Amino acid sequence: VQLQASGGGLVQAGGSLRLSCLVSRGPASNYAMGWFRQAPGKEREFVVGISRAGTVTRYADSVKGRFTASRDNAKSTVWLQMNSLKPEDSAAYYCAAGSTVTGAVLMTESSYTSWGQGTQVTVSS
């Protein structure tokens, strides 16, 4: 499976962005998906995981209530809606795919086997 992330950009604090991840070379429905982020000088961190059908999501505490993950398997696309953005949300955001059972959410980096390229999000204060 191949993943292509897009939608990053520069936004002021309090603003919104929506990231997209297009899944190709494999049925999106076969994979649990996740979003991770990595800021300069920091380790990559988990943001959100979403189950294969999109019925279950798990968020990092730092983004709960502000970010929403969703997916449309018919469109082979996963989205990350980011609202109330803060400067500390600035990072390269990566989408990832991993194989697991229906209804499960993957929350660790090692659980994911396919990664897209990063899309940069910069939030100015």
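Preceding block: the structure.
What exactly am I supposed to notice about the overall build of the protein here?
On a plain count of helices and strands, the protein comes out with 0 helices and 11 strands. The linear arrangement of helices and strands in the protein, starting from the amino end, is β-β-β-β-β-β-β-β-β-β-β. Taken against the 2.2 N^0.38 rule, which gives 14 Å for 125 residues, the C-alpha radius of gyration of the protein at 13 Å falls within 12% of a compact globule. Counting only C-alpha atoms, the protein reaches 40 × 25 × 25 Å along its principal axes. Excluding contacts between residues fewer than 6 apart, the proportion of contacts in the protein whose partners are at least 24 apart in sequence is 58%. For the protein, the computed accessible surface area is about 6,100 Å², with 46% contributed by carbon and sulfur atoms. The averaged location of the 7 negative side-chain charges in the protein is 8 Å from the averaged location of its 12 positive side-chain charges.

Help me understand the sheet that holds strand S1 (residues 2-6) in this model?
Sheets are built from strands paired through backbone hydrogen bonds, the pairs being either parallel or antiparallel. Sheet architecture is open: 4 strands sit in the order S1-S3-S8-S7, paired in antiparallel fashion. For this open sheet the edge positions go to S1 and strand S7 (67-72), each flanked by a neighbour on one side alone. The sheet shows a mean angle of 15° between the axes of neighbouring strands, direction not considered. Across 5 bridges, the pairing between S1 and strand S3 (residues 17-24) is antiparallel. In the sheet register, Ala5 faces S3, and the bridge partner there is Cys21.

Whenever I open this one, the pattern of salt bridges confuses me. Can you help?
Where side chains of opposite charge bring their charged atoms close, a pairing between them can arise. For the coordinates displayed, the defined rule picks out 5 salt bridges. Among the ionic pairs, Arg37 bridges to Glu45, the shortest N-O distance being 2.6 Å. The exposure class of Arg37 is buried, given its relative accessible area of 5%. Residue class for Glu45 comes out partly exposed when judged on its relative accessible area of 36%. Measuring nitrogen to oxygen at the nearest pair gives 2.9 Å for the salt bridge that ties Glu109 to Arg44.

Rules used in this analysis
- Residues numbered from 1 in each chain as written.
- Predicted model: local features only at pLDDT ≥ 70, side-chain atom pairs only at ≥ 80, totals over all residues.
- Heavy atoms only, no water.
- Helix = DSSP H or I, 4+ residues; strand = E, 2+ residues; numbered from the N terminus.
- Rg over C-alpha atoms; globule rule 2.2 N^0.38 Å.
- Contact = heavy atoms within 4.5 Å.
- Areas by Shrake-Rupley, 256 points an atom, 1.4 Å probe, with all protein chains shown as cover.
- Lys, Arg positive; Asp, Glu negative; His and termini not counted.
- Charge placed at Lys NZ, Arg CZ, Asp CG, Glu CD.
- Pairing = 2+ DSSP bridges.
- Axes fitted to C-alpha atoms, helices over the stretch in contact; angles between N-to-C directions.
- Salt bridge = Lys/Arg side-chain N within 4 Å of Asp/Glu carboxyl O.
- Buried < 20%, exposed > 50% of the residue type's maximum accessible area, 1.4 Å probe, protein only.

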